[in-house]
Amino acid sequence: VTMGLQKKYGEDRVFDTSLSEEGIIGRAVGMAMAGLMPVPEIQFRKYADPAEEQLNDCGTMRWRTANRFAAPMVVRIPGGYFKCGDPWHSQSNEVKWVHAIGWHVAMPSNAEDAVGLLRTAMRANNPTIFFEHRAMLDEPWARRPYPGDKYVVPFGKARKVMEGERMTVVTWGAMVERCEEAAKKAGGDMDVLDLRTLSPWDRDAVLSSVKRTHRC
């Protein structure tokens, strides 16, 4: 378990932490309030549960203090089923954090988007859950050339994977590749949208597509 730390002047540090999710997030909140940008890593999605109180308090901080205090951080969490797993290593449940007050949620489907979304998250003043599906870390479909040191992807902007008129398919994470393959097997001519971020989500892109296809 590791934590990345970026100082105000761009100097980075990476260090090991104790295997205590409650302590990892608690320390990260303190660092963020002190002006640093911590990037704590939770080993698997299920292991974020012991830190739920700290995560909830972090998300509500700006609301509770009338925007006087903030604790921006990027919490990296891998999860989802991949090849083998059990109830502790295979959970996703990313929607839980979509409904959590104050949190942004990113869930890229490929390495290029992961690079761009991670940079955007680290430059924001909001806490972000950065969910990485385990399949994306090893499967060939998620591989992309490195897009460069200045590449960023804005939050709340979906990517159109396929374009068509028969139906709108809204997806994210590891399901993007499966939905694309299913759409091709069904004859194509479908809008397939990769949301990329779930909070905020690209409402305009989804509604615009559904108005055209009339099916979602």
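Provided above is the structure to which this section pertains.
Residues numbered from 1 in each chain as written. Predicted model: local features only at pLDDT ≥ 70, side-chain atom pairs only at ≥ 80, totals over all residues. Heavy atoms only, no water.

Moving on: the overall build of the chain. Within the chain, the regular secondary structure consists of 6 helices and 10 strands. Here the C-alpha atoms of the chain give a radius of gyration of 18 Å, agreeing with the 17 Å that 2.2 N^0.38 yields for 216 residues. Each of the three principal axes of the chain carries a C-alpha extent, and together these read 55 × 40 × 35 Å. Burial statistics for the chain: of 216 residues in total, 46% are counted as buried. Of the contacts formed within the chain by residues at least 6 apart in sequence, a portion of 73% connects residues at least 24 apart. Between the mean site of the 30 positive side-chain charges and the mean site of the 28 negative ones, the chain shows a separation of 4 Å. (Helix = DSSP H or I, 4+ residues; strand = E, 2+ residues; numbered from the N terminus. Rg over C-alpha atoms; globule rule 2.2 N^0.38 Å. Buried < 20%, exposed > 50% of the residue type's maximum accessible area, 1.4 Å probe, protein only. Contact = heavy atoms within 4.5 Å. Lys, Arg positive; Asp, Glu negative; His and termini not counted. Charge placed at Lys NZ, Arg CZ, Asp CG, Glu CD.)

As a further point, take the environment of Ser92. Relative to the elements of secondary structure, Ser92 occurs in the loop between strand E4 (74–79) and helix H3 (95–98). On the basis of relative accessibility, which here comes to 22%, the residue Ser92 falls in the partly exposed class. A C-alpha to C-alpha distance of 5.5 Å links Ser92 and Gly79, two positions 13 residues apart in sequence.

Here we come to the sheet that holds strand E7 (residues 159–162). In spatial order, the strands read E7-E9-E8; together these 3 strands make up an open sheet with mixed pairing. Lying at the two open borders of the sheet, with one neighbouring strand each, are E7 and strand E8 (168–171). For this sheet the average axis-to-axis angle between neighbouring strands, irrespective of direction, equals 30°. As defined by bridge partners, E8 adjoins strand E9 (residues 191–194) across 4 bridges and the pair is classed as parallel. For Thr168, the partnering residue across the bridge sits in E9 and is Asp191. Against the sheet, helix H6 (residues 203–213) touches E7, E8 and E9, its axis set at about 170° to E9. (Pairing = 2+ DSSP bridges. Axes fitted to C-alpha atoms, helices over the stretch in contact; angles between N-to-C directions.)

A few words now on the nonpolar core. Counting residues in each nonpolar core, the largest one holds 26 residues, and the members touching the most others are Leu55, Val75 and Trp103. Examining the composition of this core, we find that 4 residues originate from one element, helix H1 (residues 21–33), more than from any other. Setting aside its immediate chain neighbours within four residues, Val75 contacts Ile25, Pro40, Ile42, Leu55, Trp103, Thr128, Ile129 and Phe130. The next biggest cluster of nonpolar side chains, apart from the first, holds 12 residues, and it includes Leu117, Ala121, Phe130 and Val153. (Core = buried A, V, L, I, M, F, W, Y, C linked by side-chain atoms within 4.5 Å.)

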